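# Notes for the structure review
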Amino acid sequence: MNWDDTTGTPASDRLGGPAAERLVDSVADREDQAVEAALRPKDLGEFIGQEKVREQLDLVLRAARARGATADHVLLSGAPGLGKTTLSMIIAAEMGAPIRITSGPAIQHAGDLAAILSSLQEGEVLFLDEIHRMSRPAEEMLYMAMEDFRVDVIVGKGPGATAIPLELPPFTLVGATTRAGLLPPPLRDRFGFTAHMEFYGPHELQRVVHRSAHLLDVEIEPDGAAEIAGRSRGTPRIANRLLRRVRDYAQVKADGVITREIAAAALAVYEVDARGLDRLDRAVLQALLKLFGGGPVGLSTLAVAVGEERETVEEVAEPFLVREGLLARTPRGRVATPAAWAHLGLTPPPSVPGGAAGTGQQDLFGA
């Protein structure tokens, strides 16, 4: 439903580990990209969720159309899979303009950016994904292009080099980033509208699943959609991926209708539990709880215990566990929360709040 074709490479793919094929990865794979083109909403009215962003963006676009001018430059930040690319396409559609899509890692030199900018049509939307990963020379060229619609092309080298000013037609830059803090202030300040994409609530995701099921010609009951939505980590892209896997299960193992029971059974096969944790997430929690008593334990030690690279645990598994309140990062190491013990059905030791100490037993110091 609402998601983006993130061109940045996830940590799991860079590492080549088993986490690269996780069903709950929020970064789009090739199958996602092929399916998402047919499922994307075409205008703001169809776009589900992100109510404040939609309302504010609608005002910006309506005002620009009323003035007969190009829309202000737009910066969208947020986790992968929340709808940044989709919104960029909607911006182009609402303005009646073509869109050109590229990414920060693809622009390694100022000349690469100059070639793209010089070929833009008036009013065209340029979508720059992972804008924080653009090279510094290209970034500095972008300052002038966004503000003055002009770039200086350097011809020659050394003392004989000459800067030739090149006028650009007015255009709208839509930048997307998963790490807004890495953008330098001069670049952020040149965006007329900045929006942060939030994770979706269960009810919004349930609407996403229903809409996608209709477009995919899949029969689904409300409780089946709710079951999928509850395991989707607040991310529409993951919800749609889970829907496709549950659809396969329903077609093979049942009559093709997705109910709560069918959805739960299908996702049990794919090892996605009721809170959206998969094999890697549970392995990290089980190691932390069973081997190290809930922590604190160092990241490298935890990674060795799980059999994964340190970067995989830190960049792939930890963010969701922290967001769910199952794991905490402390100066002494990683620590499991009482919610983690409860989720895995384990009894916390007395030193953990809510453990034996919470039942009236005393620890070593009589606390």
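Each value, and the rule that gives it
- Residues numbered from 1 in each chain as written.
- Predicted model: local features only at pLDDT ≥ 70, side-chain atom pairs only at ≥ 80, totals over all residues.
- Heavy atoms only, no water.
- Salt bridge = Lys/Arg side-chain N within 4 Å of Asp/Glu carboxyl O.
- Helix = DSSP H or I, 4+ residues; strand = E, 2+ residues; numbered from the N terminus.
- Buried < 20%, exposed > 50% of the residue type's maximum accessible area, 1.4 Å probe, protein only.
- Pairing = 2+ DSSP bridges.
- Core = buried A, V, L, I, M, F, W, Y, C linked by side-chain atoms within 4.5 Å.
- Contact = heavy atoms within 4.5 Å.
- Expected span 1.5 Å × (residues − 1).
- Axes fitted to C-alpha atoms, helices over the stretch in contact; angles between N-to-C directions.
- Parallel < 35°, antiparallel > 145°, perpendicular 65-115°, else oblique.
- Left-handed = near helix turned anticlockwise from the far one by under 90°.
- Bend = angle between axes of the 7 residues up to and from the residue.
- Patch = residues over 30% accessible without salt bridge, like charges linked within 9 Å, V, L, I, M, F, W, Y side chains within 5 Å.
- Areas by Shrake-Rupley, 256 points an atom, 1.4 Å probe, with all protein chains shown as cover.
- Lys, Arg positive; Asp, Glu negative; His and termini not counted.
- Charge placed at Lys NZ, Arg CZ, Asp CG, Glu CD.
- pLDDT = per-residue confidence, 0-100.
- Phe/Tyr/Trp six-rings, centres within 6.5 Å; stacked < 30°, edge-to-face > 60°.
- Lys NZ or Arg CZ within 6 Å of the ring centre and 35° of its normal.

### Focus: the pattern of salt bridges
Applying the stated rule across the entire model yields 17 salt bridges. A salt bridge links Glu51 to Arg54, with the nearest nitrogen and oxygen atoms 3.2 Å apart. Remark: Arg54 and Glu51 occur in helix H3 (residues 51-67); sequence separation between them is three residues, near one turn of the helix. Accessibility expressed as a relative area gives 42% for Glu51, which makes it partly exposed.

### A closer look at the pairing of strand S9 (residues 333-336)
Bridge analysis of strand S8 (residues 327-330) against S9 gives four bridges, and the strand direction is antiparallel. Residue Thr330 lies in a different strand from S9, and its bridge partner there is Gly333. With antiparallel pairing between neighbouring strands as the criterion, S8 and S9 make up a hairpin whose turn holds two residues.

### Focus on the nonpolar core
Residues Leu57, Leu87, Ile220, Ile228 and Ile258 are the most contacted members of the largest nonpolar core, which totals 46 residues. The element contributing the most residues to this core is helix H10 (residues 236-253), with seven residues. Residues in contact with Ile258, not counting those within four places in the same chain, are Val218, Glu219, Ile220, Glu221, Gly224, Ile228, Leu243, Val246, Arg247, Ala250 and Ala263. Counting residues in hydrophobic clusters, the runner-up holds 24 residues, among them Leu75, Leu126, Ala138 and Leu183.

### Some remarks on H10
Helix length check: H10 (18 residues) gives 25 Å between terminal C-alpha atoms against 26 Å at 1.5 Å per residue, within 8%. Here H10 lies mainly inside the structure; 14 of its 18 residues are buried.

### Thoughts on the packing of H3 against helix H4 (residues 84-95)
Relative orientation of the contacting elements H3 and H4 amounts to 30°, with a least axis distance of 10 Å. Between H3 and H4, the crossing angle belongs to the class labelled roughly parallel. Crossing geometry of H3 relative to H4 is assigned as right-handed. Residues Val53, Leu57, Leu61, Ala64 and Arg65 of H3 pack against Leu87, Ile91, Glu94 and Met95 of H4.

### Quick word on helix H14 (residues 310-323)
Between its first and last C-alpha atoms H14 spans 19 Å; for 14 residues at 1.5 Å apiece the expected length is 20 Å, and the two agree. Taking the largest bend as the criterion, H14 deviates by roughly 45°, centred on Ala317, and proline Pro319 comes between one and four positions later. Turning to H14, its buried residues are Thr312, Val313, Val316, Ala317, Glu318, Phe320 and Leu321.

### Topic: the pairing of strand S7 (residues 193-196)
The side-chain alternation of S7 yields one buried face, formed by Phe193 and Ala195, and one unburied face, formed by Thr194 and His196. Both strand S1 (residues 74-77) and S7 contribute to a ladder of four bridges, which runs parallel. Note that in S7 the partner of Leu76 across the bridge is Ala195.

### Thoughts on the packing of helix H9 (residues 222-230) against helix H11 (residues 260-269)
With their axes 7 Å apart at the nearest point, H9 and H11 run at an angle of 30° to one another. The angle between the axes of H9 and H11 places the two elements in the roughly parallel class. Here Asp223, Gly224, Ala226, Glu227 and Ile228 of H9 lie close against H11, whose contacting residues are Arg260, Ala263 and Ala264.

### Notes on unusual backbone geometry
Unusually for a residue other than glycine, Gln50 sits at a positive phi of about 50°. If you trace the backbone, Gln50 turns up in the loop between helix H2 (30-39) and H3. Phi at Arg233 takes a positive value of approximately 60°, unusual for a residue other than glycine.

### Quick word on a negative patch on the surface
On the surface, a cluster of negative charge is contributed by Glu219, Glu221, Asp255 and Glu261. Note that Asp255 resides in the loop between H10 and H11.

### Thoughts on the confidence of the model for the chain
Chain-level pLDDT for the chain is 82 on average; 84% of the residues reach the 70-or-more range. Across the chain, the element-wise mean pLDDT spans from 40 in helix H1 (residues 11-15) up to 92 in S1. Across residues 1-20, confidence stays below pLDDT 50; counting only partners more than four residues off in sequence or on other chains, it has 83 contacts. For residues 356-367, every residue scores under 50 in pLDDT, and the model assigns this stretch seven contacts once sequence neighbours within four places are set aside.

### Regarding the packing of aromatic side chains
By the definition in use, this model includes one aromatic pair. Between Phe149 and Phe171, the ring centres sit 5.5 Å apart and the planes meet at 80°, which makes this aromatic pair edge-to-face. Linking Phe149 in the loop between helix H6 (136-148) and strand S4 (150-155) with Phe171 in the loop between strand S5 (162-167) and strand S6 (172-177), this pair joins segments that are 22 residues apart in sequence. In this structure, Arg233 packs its charged tip against the face of Phe320, placed 3.9 Å from the ring centre.

### A look at the sheet that holds strand S3 (residues 125-129)
With parallel pairing, the five strands of this open sheet are ordered in space as S2-S3-S6-S1-S7. Where the open sheet ends on each side, the last strands, each with one partner, are strand S2 (99-103) and S7. Taken pair by pair, the neighbouring strands of this sheet meet at an average axis angle of 15°, ignoring direction. H4 contacts S1, S2, S3 and S6 of the sheet and is inclined by roughly 175° relative to S3.

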